[in-house]
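Descriptive analysis of the structure
Single-letter residue listing:
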Amino acid sequence: MQDILVTKNIHRSFGALEVLKGVSLSLQKGETKVIIGPSGTGKSTFLRCINQLTPPDKGEVWLEGIEVTNPKTDIYKIRQQIGMVFQHFNLFNHLSALNNVSVGLHRVKKLEKNEAKRMGLEALDRVGIRDKADSYPAELSGGQQQRVGIARALAMNPKVVLFDEPTSALDPELIGEVLEVMIKVAEEGMTILAVTHEMGFARSCAEEIIFMEKGRILEQGDPEKFFTEPEQERTKEFLHKITELYGNSKEGG
Amino acid sequence: MIEFLTFFWRILPDLLAGLQVTLELWGISVVFGFLGGLLLALARVYGAKPIYYLATGWIEFIRGTPLLVQLFIIYYGLADVGILFRPFVAASIALIINTSSYQAEYIRGAIQSIQSGQRVAAESIGMNRIQMIRFIILPQALRIVIPPCSNEWVVMLKFTSLAFLVTVQEMMTKGEIIANRTFEFLKVYGILAIIYLIVVLFFTYSLDFLERKLEVPGLGTRG
Amino acid sequence: MNLGLLAREGPSLAQGALVVIKIAAGHLTLGLIGGITLAIMQVYGGRFASSISDIIQKIFRSIPVLVLLIMAYFGLTRLVEMPAIIVAIIALGVRSMAYQSQVFRGGFKAVDPGQMESALSIGMTKLESIRFIILPQVLRKVIGPWSNIFNMEVKDISLAYAIGVLEILKRGRYIIRYTHGNSLLIYLSVALFYFLLARAGNTILYRLEALLRVPGFEGRGDS
């Protein structure tokens, strides 16, 4: 099985503060891996280092055999192959749901307008909100907006999708619909790297859980083992805290 | 380059004499323009219906028409019906009338934003209207009003150049005289541009500095 | 008031009015293109681009428009033969570019940085992101402040008078000269024209704003 995504020793500092101190991991095709850890440990920064929204200071990123971090690589082509779903959705405010999804197909992949539209509708269908195709972001609930965000990422037919705390900005009742979509996408065979607190999702879909703290991977492993016998003290502490807060349910409610 | 500088040096005294008149014109319009604006603003906030409509109509007209046309009306137009002004006076009147209407709007906005909160408090300690305006509303409003008004003052500084078109002996006129004498039109107006640039930037930064010094914590642009 | 005069000289004034409209269209368009470019340089450019654009806008906003017009007249006509109206459009256009750049700069800064992020994440280049995602949002947000610039600049077109452009004010003065009087009537008519022109422009902008409105977008978009 081929490695779809590999990061080697990623370092990133902001001014004097070193946020990432050498993060290495790999994902094989179809794998889902979840990153957990306390806030401010650089998890979001790490995701952004992968698609170079925040280029790393040191280290390499490889996407299916192509070195992303090489300055000669066409980063725009690479970004088309990496999907990203944001905590605050970041939907394009001036475009309808359908256009949010199809703008990448039409303007970046240069597909014909009607073709882009058709594929956009398919993507919206996949996440279950085809009926809201002509609605604008401000008219949608948070959960609906995030599903559009996921559709937008999926429509580009990426090799891997990065989720950056996709449910953290949602009201509790709306989390469920987004998790359902994420589980479906994982089950359909997409390679996923997700930063999230949703333990239910991690338990049911992840091949591996990665615990990051202070810019380093402290522990990683198979979910069942991770939750029942974590090795590090810090891991135990953290898991204890979040199972208190977020509960153990598979469905978000 | 050197001959440019010697030219610059030669004509500078004449231009500075003109600059003095420019600044006099400016000073007059800033001070009386602000007072006029204050009166108009008070008329709009506290005035009885007829006064309100008069002030509003006047402000609309002045803000909606070009300063140059207003200037010509005062200098040339009124002369036609027998009212004559010397150029400097006409220019002063035009600038005062013009800037007072713009400043009136800023001042009105400031008064109204303070008004909503403070009026009830002032009334509850027994103040009458005039006391309230004088001791509570205006002191606060005047502070808020400094940023937009000081912008307007800088705009006025630039508009004093229009006095040139009614023969006031300010800097532009001096420049024209020199240019016609030496035929160095581009050089002279280029130098004028540089002088204006320096003076305007100087006052812009100074007023910004003053603004920051006068800031009262909590009394920002929120009402 | 000799209203018959207005009827007779109406066509001449109307031609002047047309000149004003042409200048307005020309210089505002120039300013729009230049302004957006300068703003993009200031907000998204590297250190060099943003300092240069900042300096440019400061300079052209600090020099009085009258000086700009006259400098442009002498400078440009020396290089190539051109009618005064073109000089006016260029000079006013450059100044407009400086003012509009600040309006657009505010607009760009007001857009959520997340918009650029997600645009980049689907593989758009910075320029594509600005073109398809950022600018459409900015244009909608910026119509209010832009109309303030519009109002200011329309009136300043009257200054083209100073470089001999046959706009409505100049024609008015010719009429006054060869009919020996009636200056108040003519000047007030000129003032009225500018007033109505600004009004008309504002109405168009208002309609445009309504047309471009996207549901829920004026305020915040998150629910």
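Right above here is the structure, for reference.
This structure is a prediction, so every number in the text was calculated from the model and none was measured.

Some remarks on the layout of surface pockets
Quantified by volume, the largest pocket comes out at close to 1,600 Å³. Taken together, 48 residues make up the lining of the largest pocket; nearest its centre are Tyr106(B), Glu152(B), Val155(B), Asn148(C) and Met152(C). If you tally residues by element for the lining of the largest pocket, the top one is helix α5 (residues 129–159) of chain B, at 9 residues. For the lining of the largest pocket, the per-class residue count stands at 24 nonpolar, 13 polar and 11 charged.

Description of helix α6 (residues 126–141) of chain C
Taking the largest bend as the criterion, α6(C) deviates by roughly 45 degrees, centred on Ile134(C), and proline Pro136(C) comes between one and four positions later. Where α6(C) is buried, its residues touch α3 (97–108) of chain A together with α1 (3–44), α4 (84–110) and α5 (113–121) of chain C.

Regarding the interface of chain C and chain B
Listed as interface residues are 33 residues of chain C and, on the opposing side, 32 residues of chain B. Between chain C and chain B, roughly 3,000 Å² of surface is buried when both sides are summed, and carbon and sulfur atoms account for 77% of that area. There are 1 salt bridge connecting chain C and chain B. The partner of Glu60(B) in a salt bridge is Arg199(C), with the nearest N and O atoms 3.0 Å apart. At the surface where chain C touches chain B, the tally comes to 7 residue pairs in polar contact (both at pLDDT 80 or more). Those elements that place two or more of their residues in the side of chain C that touches chain B are α2 (47–62), α3 (65–79), α7 (143–156), α8 (168–178) and α9 (183–212) of chain C. Looking at the side of chain C that touches chain B element by element, the count peaks at 9 residues for α9(C).

Focus on unusual backbone geometry
Residue and element names in this part refer to chain A. A positive phi angle, near 65 degrees, is found at Gln52, a position not held by glycine. Within the fold, Gln52 resides in the loop between α1 (43–50) and β4 (58–63). Among the residues examined, Gln52 registers a relative accessible area of 13% and is labelled buried.

Remarks on a positive patch on the surface
On the surface, a cluster of positive charge is contributed by Arg107(A), Lys113(A), Lys117(A) and Arg131(C). Tracing the backbone through its elements, the reader meets Arg107(A) in helix α3.

Some words on the sheet that holds strand β3 (residues 32–36) of chain A
Residue and element names in this part refer to chain A. In spatial order, the strands read β6-β7-β8-β3-β9-β10; together these 6 strands make up an open sheet with mixed pairing. The open sheet has two edge strands with one neighbour each: β6 (82–85) and β10 (216–221). Sheet twist, expressed as the mean angle between neighbouring strand axes with direction ignored, is 20 degrees. As paired elements, β3 and strand β8 (residues 191–195) share 4 bridges and run parallel to each other. Each bridged residue has a counterpart across the sheet, and for Thr32 the counterpart in β8 is Ile192.

As for empty space enclosed by the protein
Leftover empty space is mapped by rolling, across the atoms, a probe with the size of a water molecule. As enumerated under the stated definition, the model contains 3 cavities of 30 Å³ or more in all. The computed volume of the largest cavity comes to approximately 80 Å³. Elements supplying a minimum of two residues to the lining of the largest cavity: α5 of chain B together with α4 of chain C. Classifying every residue of the lining of the largest cavity gives 8 nonpolar, 1 polar and 2 charged. Taken as a whole, the second largest cavity encloses approximately 40 Å³ of empty space. In terms of residues, the lining of the second largest cavity owes the most to one element, helix α4 (residues 87–124) of chain B, which gives 3 residues. Per-class residue counts for the lining of the second largest cavity are 9 nonpolar, 1 polar and no charged.

Topic: the interface of chain C and chain A
Each partner contributes to the interface: chain C provides 26 residues, whereas chain A provides 30 residues. Buried surface at the junction of chain C and chain A, summed over both partners, amounts to about 2,300 Å²; 61% is from carbon and sulfur atoms. On the chain C side of the interface with chain A, the three residues burying the most area are Glu117(C), Ser121(C) and Ile122(C), jointly 25% of the side's total. The interface formed by chain C and chain A includes 2 salt bridges. Residue Glu128(C) is joined to Lys110(A) by a salt bridge in which the shortest nitrogen-to-oxygen separation is 3.7 Å.

Analysis parameters
- Residues numbered from 1 in each chain as written.
- Chains lettered and ligands numbered in written order.
- Predicted model: local features only at pLDDT ≥ 70, side-chain atom pairs only at ≥ 80, totals over all residues.
- Heavy atoms only, no water.
- 1 Å grid on protein atoms, 1.4 Å probe; cavity = no way out; pocket = protein on both sides within 12 Å on 5 of 7 lines; lining within 4 Å.
- Points joined across faces, edges and corners; volume = space filled by probe spheres on them.
- Helix = DSSP H or I, 4+ residues; strand = E, 2+ residues; numbered from the N terminus.
- Nonpolar A, V, L, I, M, F, W, Y, C, P; charged D, E, K, R; others polar.
- Bend = angle between axes of the 7 residues up to and from the residue.
- Contact = heavy atoms within 4.5 Å.
- Buried area = accessible area lost by both parts, 1.4 Å probe.
- Salt bridge = Lys/Arg side-chain N within 4 Å of Asp/Glu carboxyl O.
- Polar contact = N/O pair within 3.5 Å; in protein donor to acceptor, adjacent residues only side chain to side chain.
- Buried < 20%, exposed > 50% of the residue type's maximum accessible area, 1.4 Å probe, protein only.
- Patch = residues over 30% accessible without salt bridge, like charges linked within 9 Å, V, L, I, M, F, W, Y side chains within 5 Å.
- Areas by Shrake-Rupley, 256 points an atom, 1.4 Å probe, with all protein chains shown as cover.
- Lys, Arg positive; Asp, Glu negative; His and termini not counted.
- Charge placed at Lys NZ, Arg CZ, Asp CG, Glu CD.
- Pairing = 2+ DSSP bridges.
- Axes fitted to C-alpha atoms, helices over the stretch in contact; angles between N-to-C directions.

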